[in-house]
Amino acid sequence: MSTGPRRATIADVARRAGVSTSTASVVFSGKVNVAEATREKVLTAAAALGYAGPDPRAASLRTGRSGIVGVVLAGELRHAFLDPVTTVMMDGLTDALASISAGILLLRDDPRDDEPPPIIDAPVDAVVLIGCSPRTREVLDAVRQRGLPVVVIEGDAGDDVPQVSLDNREASAIIARHVRQLGHSAAATITLPLDSARERAPLTAQRVVDATVPVTLDRLAGFREVFPDGAGVSAAASLVDEGYLAARMLLADDRGAVRTDRPTAIVAQSDLLAVGAIRAAEDLGLRVPHDLTVVGFDGIAADGLGSLKLTTMAQPALEKGRAAGEQVARMLEGEEGQSVHFTCQFRAGETVAPPAERR
């Protein structure tokens, strides 16, 4: 028994427009040029019949594709999208995937309990992995078992997987060197999460050995090229609140007083962490940059700095996302994917100065 009016088909549109079904189809596919007059007749007929275009389910059955690309993000999605780097990168990705009319399915990398990664049975044609995830390798293995095209953004994927990479170690060393040249010898770092536990805790040699997030390790290695003995705290996420709490661990004692052995500079692995560190310093009565130098990494438009402009390493987040989307599109068209490498640019700001005792 029918439960509603029948959905108009492309054949109905063609009949009403007085053209063949194939002609009406190419008007909607956009893959073949047709005369403007014919195009207008078809679109007018479609509007009159309430026909919005081909049923994507039918196309999926015909081609064996879902028209969806899975994007695997670390942790909770609500946290991921508090980071402007992620949102800008996703803009670039969707721009590139528009060329093949592909949609995006966002997935978390962490299964519940002992469940397999959500990507294992997601209805997707290809996958983009964000390498800041501590589970990149685990998810990558699941994708390989399915035989899906995959691109990894900033992660250790091996030689046979196209990667969109960034000079994390070199960029981190550049900004750490800038801090050192200002005269700072007591610098500390606030890192991104080290592993899936996402623990906010002081860095120890064992924790670094056990770490599983390549981006964190690369940026830490760059910092320690310049400050081999520099202290540090790992944050639970790239969030302003995490930067605040981590900086308090570096700057204040258990009673909340400023430590006498505090660092004179903090090198944060993201701009959001740097903003949190600046807020913590201000709450402790320390002036940035007069009493404490703080630098970041990302080059985002960070809120909460007042009139200060953050000194940071700016990364091309939009271009990274676009490159990943372009490689996915290539592979879905039967071409071989290619790795793409990007570099950061030093961006001078107003959050650095020589240590107070030198002035």
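Each remark here, short or long, concerns the structure printed above.
Before going into details, it helps to say that this report is about the structure given with it.

Criteria and thresholds
- Residues numbered from 1 in each chain as written.
- Predicted model: local features only at pLDDT ≥ 70, side-chain atom pairs only at ≥ 80, totals over all residues.
- Heavy atoms only, no water.
- Pairing = 2+ DSSP bridges.
- Helix = DSSP H or I, 4+ residues; strand = E, 2+ residues; numbered from the N terminus.
- Axes fitted to C-alpha atoms, helices over the stretch in contact; angles between N-to-C directions.
- Salt bridge = Lys/Arg side-chain N within 4 Å of Asp/Glu carboxyl O.
- Buried < 20%, exposed > 50% of the residue type's maximum accessible area, 1.4 Å probe, protein only.
- Core = buried A, V, L, I, M, F, W, Y, C linked by side-chain atoms within 4.5 Å.
- Contact = heavy atoms within 4.5 Å.
- Parallel < 35°, antiparallel > 145°, perpendicular 65-115°, else oblique.
- Left-handed = near helix turned anticlockwise from the far one by under 90°.
- Nonpolar A, V, L, I, M, F, W, Y, C, P; charged D, E, K, R; others polar.
- Polar contact = N/O pair within 3.5 Å; in protein donor to acceptor, adjacent residues only side chain to side chain.
- Expected span 1.5 Å × (residues − 1).
- Arc of directions from axis to C-beta.
- Phe/Tyr/Trp six-rings, centres within 6.5 Å; stacked < 30°, edge-to-face > 60°.
- Lys NZ or Arg CZ within 6 Å of the ring centre and 35° of its normal.

Notes on the sheet that holds strand β12 (residues 340–342)
Stage number 1. One open sheet accounts for 6 strands, arranged β2-β1-β3-β4-β5-β12; its pairing is parallel. Taken across any chain shown, the strands that pair with only one partner, and hence form the sheet edges, are β2 (103–108) and β12. Neighbour-to-neighbour, the strand axes of this sheet turn through a mean angle of 15°, independent of strand direction.
Stage number 2. Bridge count between strand β1 (residues 68–73) and β2: 6 bridges; the pairing is parallel. Bridge pairing links I68 to G103 in β2.

A few points about unusual backbone geometry
Stage number 1. Residue P289 is reached from V288 by a cis peptide bond, and omega for that bond is 10°.
Stage number 2. Considering the arrangement of structural elements, one finds P289 in the loop between α12 (271–283) and β10 (293–295).
Stage number 3. A positive phi angle is found at S101, which is not glycine, with a value near 55°.
Stage number 4. By the secondary structure assignment, S101 is in the loop between α6 (84–97) and β2.
Stage number 5. Backbone geometry at R198 places phi at a positive 50°, although glycine is not the residue there.
Stage number 6. Following the sequence through the fold, R198 ends up in the loop between β6 (187–191) and β7 (201–202).

Observations concerning the pattern of salt bridges
Stage number 1. All told, the structure shown has 12 salt bridges when counted by the stated rule.
Stage number 2. With a shortest N-O distance of 3.7 Å, E40 and R39 are connected by a salt bridge.
Stage number 3. We classify E40 as partly exposed; its relative accessible area is 37%.
Stage number 4. R39 gets classed as partly exposed once you look at its relative accessible area, which sits at 34%.
Stage number 5. With a closest N to O distance of 3.5 Å, E335 and R330 form a salt bridge.
Stage number 6. Among the residues examined, E335 registers a relative accessible area of 44% and is labelled partly exposed.
Stage number 7. Through salt bridges with shared partners, a single ionic network connects E36, R39 and E40.

Some remarks on the nonpolar core
Stage number 1. The biggest cluster of nonpolar side chains holds 42 residues, and the ones touching the most others in it are V128 and V328.
Stage number 2. In terms of residue count, helix α13 (residues 317–332) provides more of this core than any other element does, 5 residues in total.
Stage number 3. Leaving out residues up to four positions away in the same chain, V328 has contacts with V69, L97, A126, V128 and V151.
Stage number 4. In this structure, A268, L273, A274 and V275 belong to the second largest nonpolar core, which totals 32 residues.

Notes on the packing of helix α1 (residues 10–17) against helix α3 (residues 36–49)
Stage number 1. Between α1 and α3, the least distance of the axes is 8 Å, while the angle of their chain directions is 120°. With respect to each other, α1 and α3 are oriented oblique. Where α1 crosses over α3, the two elements pack in a sense that is right-handed. Mapping the contact onto sequence places D12, V13, R16 and A17 in α1 and K41, V42, A45, A46, A48 and L49 in α3.
Stage number 2. When grouped by side-chain class, the residues that make up the contact of α1 with α3 number 7 nonpolar, no polar and 3 charged.

Some points on the side chain of T311
Stage number 1. With respect to the helices and strands, the residue T311 is situated in the loop between β10 and β11 (312–314).
Stage number 2. For T311, a relative accessible area of 1% translates into the label buried.
Stage number 3. A distance of 3.0 Å separates the side chain of T311 from the backbone nitrogen of G349, its partner in a polar contact.
Stage number 4. Setting aside residues no more than four positions away along its own chain, T311 makes contact with I175, H178, V294, V295, G296, F346, R347, A348, G349, E350, T351 and V352.

Considering the sheet that holds β7
Stage number 1. With mixed pairing, the 5 strands of this open sheet are ordered in space as β7-β8-β6-β9-β10. Where the open sheet ends on each side, the last strands, each with one partner, are β7 and β10.
Stage number 2. The sheet contacts of helix α10 (residues 214–226) involve β6 and β9 (265–268), and relative to β6 the element is tilted by about 175°.

Quick look at α3
An α-helical segment advances 3.6 residues per turn. Residues three or four places apart therefore align on the same side.
Stage number 1. Here α3 contains 14 residues, and its C-alpha end-to-end distance of 20 Å stays within 8% of the 20 Å for a straight helix at 1.5 Å per residue.
Stage number 2. For α3, the complete set of buried residues consists of T38, V42, A45 and A46. End-on view of α3: buried residues confined to an arc of 100°, all on one side of the axis. Counted as exposed and oriented over 90 degrees from the buried face of α3: A37, T44 and A47.
Stage number 3. Residue G50 follows α3 closely and has a positive phi angle near 70°.

Considerations on α10
Stage number 1. In a regular helix each residue adds 1.5 Å, so 13 residues correspond to 18 Å; α10 covers 19 Å between its end C-alpha atoms and thus fits that length.
Stage number 2. Those residues of α10 that sit buried are V215, T216, R219, L220, G222, F223 and V226. Angular distribution of buried residues about the axis of α10 spans 155°; they occupy a single face of the element.
Stage number 3. Summarising the contacts, the buried residues of α10 are in contact with β5 (163–166), α8 (168–181), β6, α9 (205–210) and β9.

Quick notes on the packing of aromatic side chains
Stage number 1. Applying the stated criterion to the full structure yields 1 aromatic pair.
Stage number 2. Residue placement shows R219 over the ring face of F297; its charged tip is 3.8 Å from the ring centre.

Nothing here speaks to function; it is all geometry.
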